[in-house]
Structure formats: structure tokens, C-alpha cells
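# Observations on chain architecture
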Amino acid sequence: MQNTLKQTAEALLNKASKTYKFEDLIRFGKNPYKNLPEILGQYPNQGVGFKIWRKTWPSWKYIIVKEAEYKSLRNAKFFGVEYIKDKPQSPQPIKIRNGSKRGVWRFDVNGATAFTDNGLKYTTEELQ
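Residues numbered from 1 in each chain as written. Predicted model: local features only at pLDDT ≥ 70, side-chain atom pairs only at ≥ 80, totals over all residues. Heavy atoms only, no water.

### With respect to the nonpolar core
Counting residues in hydrophobic clusters, the biggest one holds 15 residues, and the most contacted among them are Leu36, Leu40, Ile52, Phe78, Ile96 and Trp105. Mapped onto this core, the elements with two or more residues apiece are helix H3 (36-40), strand E2 (61-70) and strand E3 (76-84). In terms of residue count, H3 provides more of this core than any other element does, 3 residues in total. (Core = buried A, V, L, I, M, F, W, Y, C linked by side-chain atoms within 4.5 Å. Buried < 20%, exposed > 50% of the residue type's maximum accessible area, 1.4 Å probe, protein only. Helix = DSSP H or I, 4+ residues; strand = E, 2+ residues; numbered from the N terminus.)

Right, here's the structure in full:
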């Protein structure tokens, strides 16, 4: 399919008044920035127990993920307890907003463990 696409693009380029290369029009590759579901979805527990924060937050503000509800690989709802200066702000988990924004989230495994469906247990050292 890429060959057909390339041939079609080159045929159109030959008719153009300004010359372009194939690489100028179509770029294959992935987005270097990921959103929160893409970052945490690669781990067996989908990020439950992980410590997350935004790049713009101070170092003493973070959220511990308590629940993850995935709709797809790129779309999920996360709930967690917000901590400011190592003190929880509420006993109930809150919804983590703006999880779909790309490139703003950072995470730490934070001593989390995960169990897979076949009974394997992953520790912090194995998750990193």
C-alpha cells in the first residue's frame, strides 16, 4: 500500500509547479508525546498505585492513582487522591482532569505491584 501511495504522490508532484519531495508531504512516524492513558496503559495494572504529576506542578504536589476505567487505549478515566506536601487533600478519590493532554504528564512507579490474569506478580523493580 505504501508503494501505491508513493507512486500516486510522485505522479501528483510531477504535475505541480513547485517541486516537493515525497518526504515533505507525508511523514510516517509516531507522536513523541503521550497522554495519560497511553503512558499508564502499558503497565499490567494500568497505573493503579502510581504517582503522577503534571510538568507544571511543584515537586510537592502529586496524585496517587486509585482507579482506572479504560474505554480504549487512548481514552480512559482516572481517579486518585491528591497530595500536597505529602498530606492527602480528601479521603475520597477525585477524577483526574485533562488526562488526554499530550506531553504534560510525568509518573513514578511509587512501590506499586501488579498481578496479571495468570497469577504473575510484578514488583517495582520489574515494572521500571
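From this point, the narrative continues.
### Focus on unusual backbone geometry
The residue Lys85 is not glycine, and still its phi comes out positive at about 55°. With respect to the helices, strands and loops of the structure, Lys85 is situated in the loop between E3 and strand E4 (87-88). The residue Asn98 is not glycine, and still its phi comes out positive at about 60°. Relative to the helices and strands, Asn98 resides in the loop between strand E5 (94-95) and strand E6 (105-108). Take Asn98: its relative accessible area is 40%, and that puts it in the partly exposed class.

### Structural notes on the packing of aromatic side chains
How two aromatic rings sit relative to each other is given by the distance of their centres and the angle of their planes. With the rule as written, the count across this model stands at 6 aromatic pairs. Arranged with centres 6.0 Å apart and planes meeting at 10°, the rings of Phe50 and Phe107 form a pair that is stacked. Residue Phe50 is found in the loop between H3 and strand E1 (51-54), and its partner Phe107 is found in strand E6; the two are separated by 57 residues along the sequence. By relative accessible area, Phe50 is classed as buried at 0%. (Phe/Tyr/Trp six-rings, centres within 6.5 Å; stacked < 30°, edge-to-face > 60°.)

### Brief notes about the side chain of Asn35
Position of Asn35 relative to the elements: it lies in the loop between helix H2 (22-25) and H3. Within polar-contact distance, the side chain of Asn35 engages the backbone nitrogen of Glu38 at 3.1 Å. Within polar-contact distance, the side chain of Asn35 engages the backbone oxygen of Arg74 at 3.4 Å. (Polar contact = N/O pair within 3.5 Å; in protein donor to acceptor, adjacent residues only side chain to side chain.)

### Some details on a positive patch on the surface
A grouping of Lys71, Lys77, Lys95 and Arg97 is seen on the molecular surface, where their side chains present a positively charged patch. The exposure class of Arg97 is exposed, given its relative accessible area of 60%. (Patch = residues over 30% accessible without salt bridge, like charges linked within 9 Å, V, L, I, M, F, W, Y side chains within 5 Å. Areas by Shrake-Rupley, 256 points an atom, 1.4 Å probe, with all protein chains shown as cover. Salt bridge = Lys/Arg side-chain N within 4 Å of Asp/Glu carboxyl O. Lys, Arg positive; Asp, Glu negative; His and termini not counted. Charge placed at Lys NZ, Arg CZ, Asp CG, Glu CD.)

### Comments concerning the layout of surface pockets
Estimates place the volume of the largest pocket at around 280 Å³. Lining the largest pocket are 13 residues; nearest its centre among them are Lys30, Lys34, Glu38, Arg74 and Arg102. Counted by class, the lining of the largest pocket contains 5 nonpolar, 3 polar and 5 charged residues. (1 Å grid on protein atoms, 1.4 Å probe; cavity = no way out; pocket = protein on both sides within 12 Å on 5 of 7 lines; lining within 4 Å. Points joined across faces, edges and corners; volume = space filled by probe spheres on them. Nonpolar A, V, L, I, M, F, W, Y, C, P; charged D, E, K, R; others polar.)

### Description of the pattern of salt bridges
Under the counting rule described, the total for this entry stands at 3 salt bridges. A salt bridge links Arg74 to Glu38, with the nearest nitrogen and oxygen atoms 3.1 Å apart. A residue pair is termed long-range when its members are at least 10 positions apart, and Arg74 in the loop between E2 and E3 and Glu38 in helix H3 qualify at 36 residues. Residue class for Glu38 comes out buried when judged on its relative accessible area of 17%. Here Glu38 and Arg102 are joined by a salt bridge, their closest N and O atoms 2.9 Å apart. Remark: Arg102 occurs in the loop between E5 and E6 and Glu38 occurs in helix H3; sequence separation between them is 64 residues. Beyond isolated ion pairs, a larger network of salt bridges with shared partners links Glu38, Arg74 and Arg102.

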